[in-house]
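Analysis of the macromolecular model
For reference, the chains in residue letters:
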Amino acid sequence: MVSVETTLDPKANLIESLKREGLLKSKTVEQALLSIRREDFVWPGYGGSAYFDEPLPLGDTGQTISAPHMVTIMLEEAELCQGLKVLEIGTGSGYNAALIAEIVSKRAKEIDQPLVVTIERNAKLVQFAKENVKRAGFEKTVQVVEGDGSLGYPQESNEMIYDRIFVTAGAPFIPPFLEKQLKPEGIILVPVGEMPYQTLIKAKKVEIARKKYELKKQKLMGVMFVPLLGESAYQS
Ligand code: SAM
């Protein structure tokens, strides 16, 4: 008897296995994973591994595109919906930013304002991600910025700008400017801890007194990310 798994294409196979593992829970995230082609975001030569549930190297940069299970966990925990303004620290390939854009903007390719801002410190990856995001049709929805995301974007702004913040690199603590730039009731996801292991933290900004806010933190799970390097992070 032929098993269902072998009859599915690699992407459908991966999606089924993420569901079986209980990681992929919502139709919203499933739809985004189906729509965005991971093969368009992996480094040239890695297309055949695009639907392996593994992080893959991004050329000689020493950085990686995160594993699909990690991307899925963060997307689910972010509780995304249409119209949210999102900041991502650590663009890498641009894959996660495109998935976020697909969710927060129903007709992403037609919308004229960048709902997703993603910041990357490695110039080579900024270029790579810009090309990938454009090819996927999200150049108007996703703004790729070069810089140190540990200071937020715009850097060192005290304005509450974002509904959601994703940090896709391991930080020693939650960078203060990221906390400041989160809107009330906003959610930040950030791996915090020493290298190479961290704890994925989900924190919601709650008002504890008039115009006084605090992060209500939840520890989700042990994770392994490359380090967040910057002024308000690990020193390079
Ligand atoms: N989200 C990415 C994707 O979808 O491909 C994967 C991110 S990769 C695991 C982490 C990225 O964070 C690396 O590309 C690294 O250069 C970047 N990074 C590390 N420190 C940073 C900082 N302070 N500001 C911006 N990017 C940073």
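Keep in mind that this is a model prediction, so the values were computed, not measured.

Digging into the site of the ligand
If you check the shell around the ligand, you find 26 residues, and the closest are Ser93, Glu120, Asp148, Gly149 and Leu229. Glutamate 120 places a polar side-chain atom, nitrogen or oxygen, 2.6 Å from an oxygen atom of the ligand. Within the contact set of the ligand, a nitrogen atom lies 3.3 Å away from a side-chain nitrogen or oxygen of threonine 168. Out of a free accessible area of 610 Å², the ligand has 99% covered by protein chains. Elements supplying a minimum of two residues to the shell around the ligand: strand E2 (64–65), strand E3 (86–89), helix H5 (95–104) and strand E4 (116–120). Classifying every residue of the shell around the ligand by side-chain character gives 10 nonpolar, 12 polar and 4 charged.

Focus on the pairing of strand E7 (residues 182–192)
Of the pairings in the sheet, the one linking strand E6 (residues 162–167) to E7 comprises 4 bridges and is parallel in character. Looking at E7, one finds that tyrosine 162 is bridged to leucine 182. Handedness of the E6-helix H7 (residues 176–181)-E7 crossover: right-handed. As paired elements, E7 and strand E8 (residues 198–209) share 6 bridges and run antiparallel to each other. Of the residues in E8, the one forming a bridge with isoleucine 188 is alanine 203. Hairpin connection, E7 to E8: the antiparallel pair is bridged by 5 residues, and glycine 193 has positive phi, about 150°.

Rules of the game
Residues numbered from 1 in each chain as written. Predicted model: local features only at pLDDT ≥ 70, side-chain atom pairs only at ≥ 80, totals over all residues. Heavy atoms only, no water. Near = heavy atom within 4 Å. Polar contact = N/O pair within 3.5 Å; in protein donor to acceptor, adjacent residues only side chain to side chain. Areas by Shrake-Rupley, 256 points an atom, 1.4 Å probe, with all protein chains shown as cover. Helix = DSSP H or I, 4+ residues; strand = E, 2+ residues; numbered from the N terminus. Nonpolar A, V, L, I, M, F, W, Y, C, P; charged D, E, K, R; others polar. Pairing = 2+ DSSP bridges. Right-handed = clockwise from strand over helix to strand, strands pointing away.

Just geometry here; none of it tells us what the structure is for.
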